[in-house]
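Observations on the three-dimensional arrangement
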Amino acid sequence: RDILDQFYPEDMEPGTVTAGKLEVEPALFSLLCDRVYEKGVGSLTRQAKDDILAGFYREIMDGVPQSEELAVWIEDHLLTESGFRTPRYLERRFAMREGIEAAIDKKLLRKLYIGNKEHVEIIHDVLAPVIHRWKKQRMEELKRKQMENQLKRKRKITGIISIVAIITAFLAVFAFIQLNRGNEQYKMAVCHRLATESLLTVLDDHT
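Residues numbered from 1 in each chain as written. Predicted model: local features only at pLDDT ≥ 70, side-chain atom pairs only at ≥ 80, totals over all residues. Heavy atoms only, no water.

Things to note about the overall build of the chain
Of regular secondary structure, the chain possesses six helices and three strands. Listed by position from the N terminus, the elements making up the chain come as α-α-α-α-β-α-β-β-α. In the chain, which comprises 207 residues, the share counted as buried stands at 29%. Sequence separation of 24 or more characterises 60% of the internal contacts of the chain that already satisfy a separation of 6 or more. Looking at the chain as shown, the accessible area adds up to about 14,400 Å², and 58% of this sits on carbon and sulfur atoms. (Helix = DSSP H or I, 4+ residues; strand = E, 2+ residues; numbered from the N terminus. Buried < 20%, exposed > 50% of the residue type's maximum accessible area, 1.4 Å probe, protein only. Contact = heavy atoms within 4.5 Å. Areas by Shrake-Rupley, 256 points an atom, 1.4 Å probe, with all protein chains shown as cover.)

Details of the pairing of strand β3 (residues 117–122)
With five of six residues buried, β3 lies mostly within the body of the structure. Judged from the two bridges that link them, strand β1 (residues 88–89) and β3 form a sheet pairing that is antiparallel. Paired with Arg 88 across the bridge in β3 is Val 120. Pairing geometry for strand β2 (residues 109–114) and β3, over six bridges, is antiparallel. Paired with Tyr 113 across the bridge in β3 is Glu 118. Joining the antiparallel neighbours β2 and β3 is a turn of two residues, in which Gly 115 adopts a positive phi near 70°. (Pairing = 2+ DSSP bridges.)

A few points about the packing of helix α3 (residues 46–63) against helix α4 (residues 67–77)
Following both chains from N to C, one finds α3 and α4 inclined at 135°, their axes separated by 8 Å at the closest point. Relative to α4, α3 is oriented oblique. The handedness of the crossing between α3 and α4 is right-handed. Every residue of α4 that contacts α3 at Tyr 57, Arg 58 and Met 61 is listed here: Ser 67, Glu 68, Leu 70, Ala 71, Ile 74 and Glu 75. (Axes fitted to C-alpha atoms, helices over the stretch in contact; angles between N-to-C directions. Parallel < 35°, antiparallel > 145°, perpendicular 65-115°, else oblique. Left-handed = near helix turned anticlockwise from the far one by under 90°.)

Here's the deal with a nonpolar patch on the surface
On the surface, a cluster of nonpolar side chains totalling about 420 Å² of accessible area is made up of Ile 163, Ile 167, Phe 170 and Leu 171. With respect to the helices, strands and loops of the structure, Ile 167 is situated in helix α6 (residues 128–205). (Patch = residues over 30% accessible without salt bridge, like charges linked within 9 Å, V, L, I, M, F, W, Y side chains within 5 Å. Salt bridge = Lys/Arg side-chain N within 4 Å of Asp/Glu carboxyl O.)

Some words on the environment of Gly 99
Inspection of the secondary structure puts Gly 99 in helix α5 (residues 97–105). Along the backbone, Gly 99 and Pro 65 are 34 residues apart, and their C-alpha atoms lie at a distance of 4.8 Å. Not counting residues within four places of it along the chain, the set of residues in contact with Gly 99 comprises Val 64, Pro 65 and Leu 70.

Observations regarding the sheet that holds β2
One open sheet accounts for three strands, arranged β1-β3-β2; its pairing is antiparallel. In this open sheet, the two edge strands, each paired with only one partner strand, are β1 and β2. The sheet strands contacting α5 are β2 and β3, and the helix crosses β2 at an angle near 105°.

Below, the structure written as structure tokens:
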């Protein structure tokens with residue numbers, strides 16, 4: 001009974017839906033029963049169930065084609081923003097159809113038809129919270145990497161600005177020195193000219 005209770009939605013208390021109307025996925029029920037048997041425990045807690053299903057999800061995703069891209073697609077398109085499963089229309093030429101078919105074979109996803117259009121969805125509500133947590137972890141990791149990249153860019157820009165400032169200061173000092181040297185040369189030239197003019201004036205006076 002403890003295992004059966006794990007198939008109630010997380011926002012619903014066990015017992016509020018009769019067992020006859022409770023949707024139980026045989027593959028997942030069998031998985032949970034096997035894990036409980038392996039561990040030799042008498043009951044299954046919700047945390048233990050989540051750990052088992054999280055391992056099931058990652059194990060499947062690691063073994064399907066285009067696993068990284070497919071995991072992102074599942075987490076972004078087969079869950080609502082609040083974390084509930086939702087079906088998605090499957091285009092005939094969908095780029096990751098091979099991965100989708102593999103995930104269906106492994107009982108992670110299932111096909112359904114709405115009208116005459118083929119859709120795909122997560123196989124059971126019990127998996128939705130687990131996959132949603134993986135999505136949140138992925139988004140947090142992505143955000144952390146973006147922040148790290150921004151910090152690296154800021155450090156790089158700061159380094160470039162520092163180098164430019166040093167070069168600018170060096171050029172300013174160099175220009176100042178050159179200007180002073182130029183002024184000294186100008187003063188010497190004026191002195192030489194005045195001396196020459198004075199000498200010529202003296203010579204003229206004595207001729």
